[in-house]
Amino acid sequence: MGVKSDSWIRERALAGMIEPFVDRQVSRDRWENRTLAIPYDGETPVVSYGLSSYGYDMRVARTFRIFSSVHCQALDVKDFPLVAYQEVEADVVLIPPNSFALGSSVERFRIPRDVLALCVGKSSYARMGIIVNVTPLEPEWEGHVTIEISNTAPLPARVYANEGIAQVIFLGADRYAASPHDVCEVSYKDRKGKYQGQTGIALPRV
């Protein structure tokens, strides 16, 4: 599987793979007067987002669910205490030390059948102890990405909504036309995955 470049991402995004789509990197230092889903004045510091050389930096929306241990003594993936999440809507959210929050991507993704997408955290956040965890975006999965944002630092950490949070890297079956065996037999859509079509933050399901 090959890593897809900016020109491939742009072509697929404009055909509906990423909505809304920002066709270049937006940051304080690199700005052109374009109409974007989220206006930016070109001066205020911003965690970069948009199209990059071999990926796409997605943004996190302004609704978060912050985890609190007050309501539980242990975590069980088969019986998760949903009351442990406190919903917060803000442009800047404060994640407590040694805790985490769930967020949702601004963008909605529609992954092609011949593509698997992986997400990695932004370097700026990584340098302050913020770890971003997103499971793979599987072939023919569609929806908003639920993003787990962990604060491993001993201090509270600020995360900015409508700005970059993680880079999505697209891996494609390069020999798709020549060999149908390079494309999965069963996609996420085929097996009716439980997180298909999710909107906003999807809480744990078993």
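Throughout what follows, the structure given in this document is the object of discussion. (Residues numbered from 1 in each chain as written. Predicted model: local features only at pLDDT ≥ 70, side-chain atom pairs only at ≥ 80, totals over all residues. Heavy atoms only, no water.)

### With respect to the side chain of Ser105
Here is step 1 of the chain: Position of Ser105 relative to the elements: it lies in strand β8 (residues 99-110).
Here is step 2 of the chain: Given the relative accessible area of 1%, Ser105 is considered buried.
Here is step 3 of the chain: A distance of 2.6 Å separates the side chain of Ser105 from the backbone oxygen of Glu107, its partner in a polar contact.
Here is step 4 of the chain: Beyond its immediate stretch of four places on either side in the chain, Ser105 contacts Met58, Arg59, Ala61, His144, Val145 and Ile147. (Helix = DSSP H or I, 4+ residues; strand = E, 2+ residues; numbered from the N terminus. Buried < 20%, exposed > 50% of the residue type's maximum accessible area, 1.4 Å probe, protein only. Polar contact = N/O pair within 3.5 Å; in protein donor to acceptor, adjacent residues only side chain to side chain. Contact = heavy atoms within 4.5 Å.)

### Some thoughts on the nonpolar core
Here is step 1 of the chain: Residues Met58, Phe109, Leu137, Ile165 and Phe170 are the most contacted members of the largest nonpolar core, which totals 42 residues.
Here is step 2 of the chain: In this structure, Phe67, Phe100, Ile201 and Leu203 belong to the second largest nonpolar core, which totals 9 residues. (Core = buried A, V, L, I, M, F, W, Y, C linked by side-chain atoms within 4.5 Å.)

### Points about the pattern of salt bridges
Here is step 1 of the chain: For the coordinates displayed, the defined rule picks out 13 salt bridges.
Here is step 2 of the chain: Between Asp114 and Arg12 there is a salt bridge whose closest N-O contact spans 3.8 Å. In this pair, Asp114 sits in the loop between β8 and β9 (115-121) while Arg12 sits in helix α1 (residues 6-17), placing the two residues 102 residues apart along the sequence.
Here is step 3 of the chain: We classify Arg12 as partly exposed; its relative accessible area is 25%. (Salt bridge = Lys/Arg side-chain N within 4 Å of Asp/Glu carboxyl O.)

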